[in-house]
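Structural characterization, general
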Amino acid sequence: MKAAVLNGYDKNGTDLVVKDVDVPACGPADVLVKVMAAGVNPLDNMIIRGEVKLIVGYDMPLVMGNELSGVVERVGDAVIGFAPGDRVYARLPLGRIGAFAEYVAIDHRAIAKVPEYLSFAEAAAVPLTALTAMQALDLLDASEGDTLFISGGTGSFGAMAIPIAAARGLRVVTNGSAANEERVRALGASDFIDYRKQDYADVLHDVDCVIDTLGDKELPREFGILKQGGALVSLRGLPNGEFAQRAGMGFVKRLMFSAAGSKYDRLAAKKGQRYRFVFVHSDGAQLAVASGILESANIEPSVDGVFALGDVNAALAKVVAGGSKGKTILTLE
Ligand SMILES: NC(=O)c1ccc[n+]([C@@H]2O[C@H](COP(=O)([O-])OP(=O)(O)OC[C@H]3O[C@@H](n4cnc5c(N)ncnc54)[C@H](OP(=O)(O)O)[C@@H]3O)[C@@H](O)[C@H]2O)c1
């Protein structure tokens, strides 16, 4: 089968090689999926540059790609709930990625059925960011009516996080690029701040919770707008000891991440706030819940560019360039 392969990390980024590789073996708990579309994420470029290898390290060569939609071709003996012909989608398990390929074998606990109203391309835009939103919101432990600030909510994360947070009864405030204001308001954002014209730190204060997508530079200011005792979940900051423990990491990594994230823990402690880091993991059951929320709100995932597998490097470059109006998709149909 054809697949896009990374031959080694490169901190400056490097091209993937599209070549023939073996179809992956399908274990007893796996489904073999014929991939129809795959989502391209900032995470893929971070993996290529070796930026997440302390959280999850990969052997090379590596078939790249973290999320996909497709059709079940075969199921292992221990699989329940899925059958050949099902339309499914998934954020792949961290240790076993490979969505930029014609076939992928996935543990059935990582997949969910694609809601009927979504095309394969639209569906491939959902799993990674929808699960990130679910997992970040669970960590925030917010109550109905709370105000949530999502920084940079105009990208592909916001496209899932805004409607899911709104469905949980949160009042969502976001900032981002002006061209996307109407779209994010339609997704459920109550207030929007154009980040090139106005500083959110000048207009927001005492918000109940924050989801940070921007990382180190913005984190101190995001803590600044958070109320006493509020919670902040970051997708881009440094992992801390609490994350390492939650992820079940060993002693050495727990020590390392405790040291790395301690500056945010200290910032949070000043006003009795909580700092959490999320690194999205696969969860088919949680994806099924998210699917229900998206379907009942009739949320159309925003697709911003569709590329063939052979153009995977152009797709990755588009994601690096920014200016996102939604998800970049590879199509394998
Ligand atoms: N930890 C995890 O598990 C996890 C999971 C999902 C995503 N993430 C991370 O979350 C981040 C967002 O992901 P994404 O897929 O939504 O990215 P994306 O599609 O590239 O969107 C980013 C959005 O943020 C806007 N933006 C850029 N700089 C900004 C600023 N200073 N203030 C406000 N908005 C700004 C961008 O607008 P312009 O392009 O117009 O500037 C763009 O609309 C990425 O860094 C990704 O790696 C992490």
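Residues numbered from 1 in each chain as written. Predicted model: local features only at pLDDT ≥ 70, side-chain atom pairs only at ≥ 80, totals over all residues.

1. Some details on the overall build of the chain
If you tally the helices and strands in the chain, you get 11 helices and 16 strands. Counting only residues that meet the buried cut, the chain has 48% of its 333 residues in that class. Long-range pairs, those at least 24 residues apart, make up 68% of the contacts in the chain between residues at least 6 apart in sequence. (Helix = DSSP H or I, 4+ residues; strand = E, 2+ residues; numbered from the N terminus. Buried ≥ 20, exposed ≤ 12 C-beta atoms within 10 Å, placed from the backbone. Contact = placed C-beta atoms within 7 Å.)

2. Examining the nonpolar core
Burial of nonpolar side chains together is a common tendency in soluble globular proteins. Counting 106 residues, the largest nonpolar core has Ala37 and Phe100 as its most contacted members. Both domains that furnish three or more residues to this core are identified here as domain 1 (2–125 + 301–331) and domain 2 (128–277). In this structure Ala37 touches Leu68, Ser69, Phe120, Ala121, Ala123, Ala124, Ile329, Leu330, Thr331 and Leu332, once residues within four positions along its chain are discounted. (Core = buried A, V, L, I, M, F, W, Y, C linked by C-beta atoms within 7 Å. Domains from an automatic or database assignment.)

3. Section: helix 4 (residues 156–167)
End to end, helix 4 covers 18 Å across 12 residues, agreeing with the expected 16 Å (1.5 Å per residue, within 8%). With 10 of 12 residues buried, helix 4 lies mostly within the body of the structure. Here helix 4 has its buried residues at Ser156, Phe157, Gly158, Ala159, Met160, Ala161, Ile162, Pro163, Ile164 and Ala165. Backbone geometry just after helix 4 places Gly169 at a positive phi near 85°. (Expected span 1.5 Å × (residues − 1).)

4. Considering the domain arrangement of the chain
According to the domain assignment, the chain consists of domain 1 (2–125 + 301–331) and domain 2 (128–277). Inter-centroid distance (C-alpha atoms) of domain 1 to domain 2 is 26 Å. Taken together, the contacts link 13 residues of domain 1 with 8 residues of domain 2. A breakdown of the residues in the side of domain 1 that touches domain 2 according to their chemical character gives 3 nonpolar, 6 polar and 4 charged. (Nonpolar A, V, L, I, M, F, W, Y, C, P; charged D, E, K, R; others polar.)

5. Quick look at the site of the ligand
Around the ligand lies a shell of 26 residues, among which Gly152, Gly155, Phe157, Ser177 and Ser324 are the nearest. Those elements that provide at least two residues to the shell around the ligand are helix 1 (42–48), helix 3 (127–140), helix 4 and strand 10 (171–176). The dominant element in the shell around the ligand, judged by the number of residues it contributes, is helix 4, at 3 residues. By residue class, the composition of the shell around the ligand is 9 nonpolar, 16 polar and 1 charged. (Near = placed C-beta within 6 Å.)

6. Description of the pairing of strand 6 (residues 87–91)
For strand 6, the buried fraction is high: 4 of the 5 residues fall into the buried class. The sheet contact formed by strand 5 (residues 67–75) and strand 6 spans 5 bridges and is antiparallel. Bridge assignment links Leu68 to a residue of strand 6, and that residue is Ala90. The pairing of strand 6 with strand 8 (residues 111–113) spans 3 bridges and is antiparallel. (Pairing = 2+ DSSP bridges.)

7. Notes on unusual backbone geometry
Cis geometry marks the peptide bond from Met60 to Pro61; its omega dihedral reads -5°. Among the structural elements, Pro61 can be located in the loop between helix 1 and strand 4 (62–63).

8. Considerations on the pairing of strand 15 (residues 303–308)
Note: strand 15 against strand 16 (residues 327–331), 4 bridges, orientation parallel. Note that in strand 16 the partner of Val303 across the bridge is Lys327. Handedness of the β-α-β unit built from strand 15, helix 11 (residues 312–321) and strand 16 comes out right-handed. (Right-handed = clockwise from strand over helix to strand, strands pointing away.)

9. Side note on the sheet that holds strand 14 (residues 274–277)
Taken together, 6 strands build an open sheet; the order of strands is 11-10-9-12-13-14 and the sheet is parallel. The sheet is open, and its two edges are formed by strand 11 (189–194) and strand 14, each paired on a single side. The sheet shows a mean angle of 20° between the axes of neighbouring strands, taken without regard to direction. One ladder, built from 5 bridges, connects strand 12 (residues 207–212) with strand 13 (residues 226–234); its direction is parallel. Note that in strand 13 the partner of Cys209 across the bridge is Ala231. Contacts between helix 3 and the sheet are confined to strand 12, strand 13 and strand 14, with strand 13 contributing the most and set at about 155° to the helix. (Axes fitted to C-alpha atoms, helices over the stretch in contact; angles between N-to-C directions.)

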